[in-house]
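Topology and contacts: notes
Chain residues, written in single-letter form:
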Amino acid sequence: MPFYVAPEQLMKDRADFARKGIARGRALTALSIQDGILICAENRSNSLRKVSEIYDRIAFAGVGRYNEFDQLRIAGVRHADLKGYTYSREDVDARSLANQYAQLLGQTFTHEMKPMEVEILVAEVAMESSGDQMFHVLYDGTVNDESGYTVLGGEADSIAERLGQSYDGGWAVGDGVRAASAALSGQERTFEADDLEVAILVRETGRRAFQRIEGEELAEMLG
Amino acid sequence: MTLPLFEAGGDPGPNFAALLRSSGLAPPVPDAPATDLMISHATTVVAIRCQQGVVMAGDRRATAGHLISHRSIEKVFPADRYSGVAIAGAAGPAMEMVRLFQLQLEHYEKVEGKALSLDGKANQLGMMVRNNLPAAMQGFAVVPLFAGYDTSRGVGRLFQYDVTGGRYEEREYAVGGSGSLHAGTVIKLGYRSGADADEMIDLAVSALFRTAEEDAATGGPDLVRGIYPVVAVIGADGFERVVDTDVESRFRNLLASLENRGGDSQ
């Protein structure tokens, strides 16, 4: 026989559950800089990606449970490719995709057995940095439209604080990578190229703006 | 449009065509012959191996019956960074096939996080041609050429198809479309194993020029309107289209050399 649980309690329990799952994972940060939108994640795996390409100028990043955000990533790629095929490539945008994610996460949060333990970022680079868009979608479907920089995952507040002290929208890629790495690691640790997964949506380029920065190139930037 | 989500059993994986089918967006198969319709046909395309990789070229004419329906269509397209596709046959379905093929390669790459191998790409295209067979029987045949730079082997490779989706890898050159007989002969005589891209571009240009003289459905260079065949080189740096001014100067050189021989190109 089911017991009565107050809706406030139910929502709180679900939110706590999701938050706990997300806090266990490692964080990532995205910055809008001179050369584009830089996404930098703490990730020791070279094959299980947290940051990936969705469409020409749109990238996806997720923290929390890998299988859940990867499922969201693939749904996003499908959504974008179908939309581009049905209409045109120009008609695919980050805002509508972020809204779709928000719908799904919100729906799952209230109706399913368990909420998704993820936070995701949908970023779209523009020709001018003022036009860059970064949507931070939470486990319950809340969408935040971020400007400048944003941090997802465990210890997001302290990382954001560290990054906020030095952040400058005029940074080149190298500056951005170093600052993001320092903010993610904190004072006690230092990251090597293998500890990070870095990608950039390049501002001025051909059709596909998404590029990974890895291996020696990344090691050189970290100095 | 809502987010496409699937149950584990019905998930289309990295296959874009399957995703289209499950989303109800796949194009319908024609169920009546196209004999009474005046549909546009795209014609002669060539691909030649060279030292750097592969040279691909195609003329710009589309015909419907005895009419020229378009004088500036393009038949050579990048399929992804390291490969290209050239089309001959019913223009509409061929364009659609190219668009789907390009999307399929990109979709796979994004979903899987890794590009398909060149053989994988060639097989994919073969499957698309085979799936078009019912339409081909109704008069909407599409016969592409596929060429690319195999990054794992470091060589250019090219593939020819038939309407059933049969995939044939060629070692030297491949031709397709109504003018393929003439274009093939010119290339056969001028082909030299290990020649560089520059020489093979000239050969492709010359083959298209000669073919346009013999085949009504193949367009020659249009010096008045400035319309020239599309020529591309696919090598270690990826698919690169040769700029129109370069193609134009190659044609002018060809014409000048013919004039020097007394004007008659027979």
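Refer to the preceding data block for the structure.
Remember, it's a predicted structure, so these values are computed and weren't measured experimentally. Numbering of residues starts from 1 in each chain and follows the order in which that chain's sequence is written. As a convention, the first chain written is A and the first ligand written is 1, with the rest following in written order. Selection of residues for local features in this predicted model requires a pLDDT of at least 70, selection of side-chain atom pairs for listing and counting requires 80 or more, and totals for whole chains, interfaces and linings are taken over all residues.

1. Points about the nonpolar core
- Residues enter a nonpolar core if they are buried, belong to Ala, Val, Leu, Ile, Met, Phe, Trp, Tyr or Cys, and are joined to the set through C-beta atoms within 7 Å. Partly exposed residues are those falling between the two cut-offs: more than 12 but fewer than 20 other C-beta atoms within 10 Å of their own, whereas 20 or more means buried and 12 or fewer means exposed, with C-beta atoms placed from the backbone. Ranked by internal contacts, the top residues of the largest apolar core, which has 138 residues, are Ile 39, Val 122 and Ala 123 of chain A together with Val 55 and Ala 204 of chain B.
- It is helix H6 (residues 197-214) of chain B that contributes the most residues to this core, 10 residues altogether.
- Filtering out sequence-adjacent residues up to four positions away, Val 55 of chain B remains in contact with Ile 48, Cys 50, Ala 197, Met 200, Ile 201, Ala 204, Val 231 and Val 233 of chain B. Put simply, DSSP H or I for four residues or longer makes a helix, DSSP E for two residues or longer makes a strand, and each gets a number counted from the N terminus. By the convention adopted here, residues are in contact when the distance between their C-beta atoms, placed from the backbone, does not exceed 7 Å.

2. Details of the packing of H6 of chain B against helix H7 (residues 244-260) of chain B
All names here are of chain B.
- Put simply, H6 and H7 touch, their axes get as near as 10 Å, and they point 65 degrees apart. The angle between the axes of H6 and H7 places the two elements in the roughly perpendicular class. Crossing angle aside, the handedness with which H6 passes H7 is right-handed. Residues Ile 201, Asp 202, Val 205, Ser 206 and Phe 209 of H6 pack against Val 247, Arg 250, Phe 251 and Leu 254 of H7.
- Residues are grouped as follows: Ala, Val, Leu, Ile, Met, Phe, Trp, Tyr, Cys and Pro are nonpolar; Asp, Glu, Lys and Arg are charged; all remaining types, including Gly, are polar. Partitioning the contact of H6 with H7 into residue classes produces six nonpolar, one polar and two charged. Between N-to-C directions, angles span 0 to 180 degrees; the directions come from axes that are lines fitted to C-alpha atoms, helices contributing only their stretch in contact. Here the word oblique covers every angle except those under 35 degrees (roughly parallel), over 145 (roughly antiparallel) and from 65 to 115 (roughly perpendicular). Crossings are sorted by hand: turned counterclockwise from the far helix by less than a right angle, the near helix makes the crossing left-handed, and turned clockwise it makes it right-handed.

3. Points about the interface of chain A and chain B
- Contacts between the two partners involve 15 residues from chain A and, on the opposite side, 14 residues from chain B.
- Going through the elements one at a time, strand S3 (51-55), helix H2 (66-86) and helix H3 (94-111) of chain A are the ones with two or more residues in the side of chain A that touches chain B.
- The leading source of residues in the side of chain A that touches chain B is H2 of chain A, at 10 residues.
- Considered class by class, the residues forming the side of chain A that touches chain B number six nonpolar, four polar and five charged.

4. Describing the pairing of strand S2 (residues 36-42) of chain A
Residue and element names in this part refer to chain A.
- Burial runs high along S2: seven of the seven residues are buried.
- Where strand S1 (residues 28-33) and S2 come together, six bridges link them in antiparallel fashion. Paired with Ala 30 across the two strands is Ile 39, which belongs to S2.
- We treat two strands as partners when DSSP finds at least two bridges between them. Hairpin connection between S1 and S2: a loop of two residues separates the two successive antiparallel strands.
- Bridge count for S2 against strand S9 (residues 196-202) is seven bridges, and the pairing is antiparallel. Among the inter-strand pairings, Glu 42 is bridged to a residue of S9, identified as Leu 196.

5. Let's talk about H6 of chain B
- Look at H6 of chain B: 26 Å from first C-alpha to last across 18 residues, which is about the 26 Å you get at 1.5 Å a residue.
- Most of H6 of chain B sits inside the fold, with 13 of its 18 residues counted as buried. Expected helix span is taken as 1.5 Å per residue step, with the number of steps being one fewer than the number of residues.

6. Thoughts on the sheet that holds strand S13 (residues 238-241) of chain B
Residues and elements named next belong to chain B.
- If you walk across this open sheet you meet the five strands as S11-S2-S3-S12-S13, and the pairing is antiparallel. Lying at the two open borders of the sheet, with one neighbouring strand each, are strand S11 (173-176) and S13. Each strand axis lies, on average, 15 degrees off the axis of its neighbour in the sheet, ignoring direction.
- Bridge analysis of strand S12 (residues 230-235) against S13 gives four bridges, and the strand direction is antiparallel. Counterpart to Ile 234 in the pairing with S13 is Phe 239.
- Running over the sheet, helix H5 (residues 180-190) touches strand S2 (45-49) and S11 and is turned about 160 degrees from S11.

7. Quick notes on the sheet that holds strand S4 (residues 58-64) of chain A
Residues and elements named next belong to chain A.
- Strand order in the open sheet formed by five strands is S3-S4-S5-S6-S7, with antiparallel pairing between adjacent strands. Each having just a single partner strand, S3 and strand S7 (143-146) make up the two edges of the open sheet. Ignoring strand direction, the axes of neighbouring strands in this sheet form an average angle of 25 degrees.
- Two elements, S4 and strand S5 (residues 118-124), share seven bridges in a ladder whose sense is antiparallel. Among the inter-strand pairings, Val 63 is bridged to a residue of S5, identified as Glu 119.
- Contacts from H2 reach S3, S4 and S5, with the element oriented near 165 degrees to S4.

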